[in-house]
Each structure stands twice: as structure tokens, then as C-alpha cells.
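Structural overview for review
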Amino acid sequence: MRKLILGIGGMTNGGKTTLSKSLQELLQDSCVISQDNFFKDDSVVPVDVNGFKQYDTLDALHMDRMMADTGLWQEDPQSFMTSRGLAVKSTASEPSNMKDEEEVIQVKVFGQLLWFERPLNSLFNKRYFLQIPYETCRERRSSRVYVPPDPPGYFDGYVWPMYLKNRKAMEETVNDIVFLDGTQKREMLLSTVLADIQEMLMAIQR
Ligand SMILES: Nc1ncnc2c1ncn2[C@@H]1O[C@H](COP(=O)(O)OP(=O)(O)OP(=O)(O)O)[C@@H](O)[C@H]1O
Ligand SMILES: NC(=O)c1ccc[n+]([C@@H]2O[C@H](CO)[C@@H](O)[C@H]2O)c1
């Protein structure tokens, strides 16, 4: 069985969810593990000196649980996907010696703070980072409603400074990041990543 694991990171509203969902829809036997599903309860997320909830740090996330899910997928992708109601190409009728050649199982893990959890970061075949300019980010974020919603001043007082801080740390510690321009058309981003996937699969086959 060939397995591919892509890390789709990027700034808030860079387009991680959109890209990951499109990939999942297009690629057979693929699934997505999203950091958004691992936020801690609001009651335990601390506030900073300005009274802003500190959602854009690893402390706000159950990274241990995210890592555990990724581990389950790695151990047995088919069981993992079946347990989450995702279709897996049936291989039951194939002779076991054919299975390994034909199956390709892919997972995309995405989130803003993906690169700082070392065991997780080391798993990726490819690491992407979707970036967009300040104005685009501010505009896109203003049209979103998070739970809880962003309070007034949150973008400039917390989200953007945290992005700059996290980005600096990422550049200092993580190698091999492929930067994607999140202002490109959705189809363009999708075809870039699909082409990379083709290339990686060829490399695994060789
Ligand atoms: N390539 C694109 N061009 C224009 N708009 C886009 C593009 N990709 C995503 N969007 C829009 O930007 C907004 C944010 O997209 P998305 O939810 O995918 O971002 P995200 O990186 O997952 O954000 P967050 O981390 O804050 O949850 C959505 O309104 C989405 O429709
Ligand atoms: N998913 C959540 O619980 C949650 C709550 C409050 C804010 N956020 C924001 O989501 C973005 C990542 O998707 C981050 O920038 C958080 O600020 C998420």
C-alpha cells in the first residue's frame, strides 16, 4: 500500500479548508484531518493582557489527540476511514499480492499551527503554506463567523501579530515548505497540488 501524507498549513483564511476539501472530493481513498476539530473548550483557552482569547497558539489545541488520530490513520488507514464513514475502495476480492501495488491512500492534515508539533511535522511527504496579503486576510476574516465570534479589534490586536510571530518561528525551524499564493484561483491551487501528488506517487512507485 502506498501512503501519502500532505501537510496543508497557512495563515488564517489562506484557503486551507477549501483546498483540502476539494482534494478530498477528487482523490479516491483520501481523508482530511483538520486542526479545527481539535480546539479546546473556550472555557480553558487563556486570554492575553488585552483580554483577547489566545486561540492561535498550540496551547489552545488538543495536539495530542490530533497526533493520535494521525497515528491511527498511519497504522491502518482503511479502518480509520471506515470508522469515520469515509468510503474506501474495496479490495476484498483482490489477491493480497495485488493490493500493495494498487492502493494509494492519502491523508491531508491541515491547520495554522501544523509545523510546530515536531512528531506530526516529520510525517509529511510535502508541506504547503497558503499565504495571502494582509488586506485579503483581514477582508476574508471579517466575513467569517467563528465560535466564539471575533471581538472588535481582534484581527489587528491578536490574529495578525500572532500570524507574524508564528511565521517567524516557522521560518526559523521548518524546512522544505512550499509556499502557495492563496489569492490564486481555487482551480489553479488545486491543479498545482494535484500535479505534485502525481509526481510524488511516481517517485514512490520507482
Ligand atoms: N483561492 C481562493 N480565492 C478566493 N477566495 C478563497 C480562495 N480559497 C478560499 N477562499 C475563501 O476564503 C475564505 C477562507 O477560506 P478557508 O475557510 O478555506 O480558509 P482557512 O485557511 O481554512 O481559514 P481558517 O484557518 O481561518 O479556518 C472562505 O470564504 C473561502 O471561500
Ligand atoms: N474552532 C474554534 O473553536 C475556534 C474558536 C475561535 C476562533 N477560532 C479561529 O479559527 C482559526 C483557525 O481556523 C484561528 O485563527 C482561530 O482564531 C476557532
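Residues numbered from 1 in each chain as written. Chains lettered and ligands numbered in written order. Predicted model: local features only at pLDDT ≥ 70, side-chain atom pairs only at ≥ 80, totals over all residues.

So, the overall build of the protein
Operational definition: Strands are runs of DSSP state E lasting at least two residues, helices are runs of H or I lasting at least four, and both sets are numbered from the N terminus onward. Computation of the radius of gyration draws on C-alpha atoms, with the globule rule given as 2.2 Å multiplied by the number of residues to the power 0.38. Counting other C-beta atoms within 10 Å of its own, a residue is labelled buried from 20 upward, exposed at 12 or fewer, and partly exposed in the gap between, with every C-beta atom placed from the backbone. Throughout, a residue-residue contact means that the two C-beta atoms, derived from backbone geometry, are no farther apart than 7 Å.
Helix and strand counts for the protein come out as eight helices and five strands. Beginning at the N terminus, the succession of helices and strands in the protein can be written as β-α-β-α-α-α-β-α-β-α-α-β-α. Relative to the globule expectation of 17 Å for 206 residues, the C-alpha radius of gyration of the protein, 18 Å, shows essentially globular dimensions. Its C-alpha atoms give the protein principal-axis dimensions of about 60 × 35 × 30 Å. Expressed as a percentage of its 206 residues, the buried residues of the protein come to 25%. Sequence-distant contacts in the protein: of pairs separated by 6 or more residues, those separated by 24 or more amount to 81%.

A short note on the site of ligand 2
The line we're drawing: To decide whether a residue is near a molecule or strand, its C-beta atom is placed from the backbone and checked for lying within 6 Å of it. Any residue that is not Ala, Val, Leu, Ile, Met, Phe, Trp, Tyr, Cys, Pro, Asp, Glu, Lys or Arg is counted as polar, Gly included; the first ten are nonpolar and the last four charged.
For ligand 2, the full set of nearby residues is Thr12, Asp36, Phe39, Tyr55, Asp56, Gln112, Tyr146, Val147, Pro148 and Val159. The residue makeup of the shell around ligand 2, split by class, is six nonpolar, two polar and two charged.

Describing unusual backbone geometry
Residues Val147 and Pro148 are joined by a peptide bond in cis, for which omega reads 0 degrees. Positionally, Pro148 belongs in the loop between α6 (134–142) and α7 (154–173). Of note in this structure, Asn13 is not a glycine but carries a positive phi near 65 degrees. Mapped onto the elements of the fold, Asn13 is located in the loop between β1 (2–10) and α1 (16–26). The class of Asn13 is buried, set by 22 C-beta atoms lying within 10 Å.

Quick look at the site of ligand 1
Within the structure, ligand 1 sits among 16 residues, and Thr12, Gly15, Lys16, Thr17 and Thr18 are positioned closest to it. Of all the elements in the fold, those that place two or more residues in the shell around ligand 1 are α1 and α8 (186–205). A per-element tally of the shell around ligand 1 places α1 first, with three residues. Looking at the shell around ligand 1 residue by residue, the class counts come to one nonpolar, 10 polar and five charged.

Overview of α1
Think of an α-helix as turning once every 3.6 residues; residues three or four places apart then point the same way. Going by this rule: Note that the arc is computed from the directions linking the helix axis to the C-beta atoms.
Those residues of α1 that sit buried are Lys16, Leu19, Ser20 and Leu23. What you see down the axis of α1 is that its buried residues fit within an arc of 95 degrees, all on one side.

Examining the nonpolar core
To keep it simple, the criterion reads: Throughout this description, the term nonpolar core refers to a group of buried Ala, Val, Leu, Ile, Met, Phe, Trp, Tyr and Cys residues whose C-beta atoms join them within 7 Å.
Membership of the largest hydrophobic core comes to 33 residues, with the highest contact counts inside it found for Leu19, Ile33, Leu114, Tyr128 and Leu130. The biggest single contributor to this core is α7, with four residues. Excluding residues within four positions of it along the chain, Leu114 makes contact with Gly7, Gly9, Gln35, Val109, Leu120 and Asn121.

With respect to the environment of Pro77
Of note, Pro77 is situated in helix α3 (residues 77–83). Accessibility expressed as a C-beta count within 10 Å gives 22 for Pro77, which makes it buried. Spatially, the C-alpha atoms of Pro77 and Gln198 are 20 Å apart, while their sequence positions differ by 121 residues. Sequence-distant contacts of Pro77, defined by excluding residues within four places in its chain, comprise Lys3 and Ile105.

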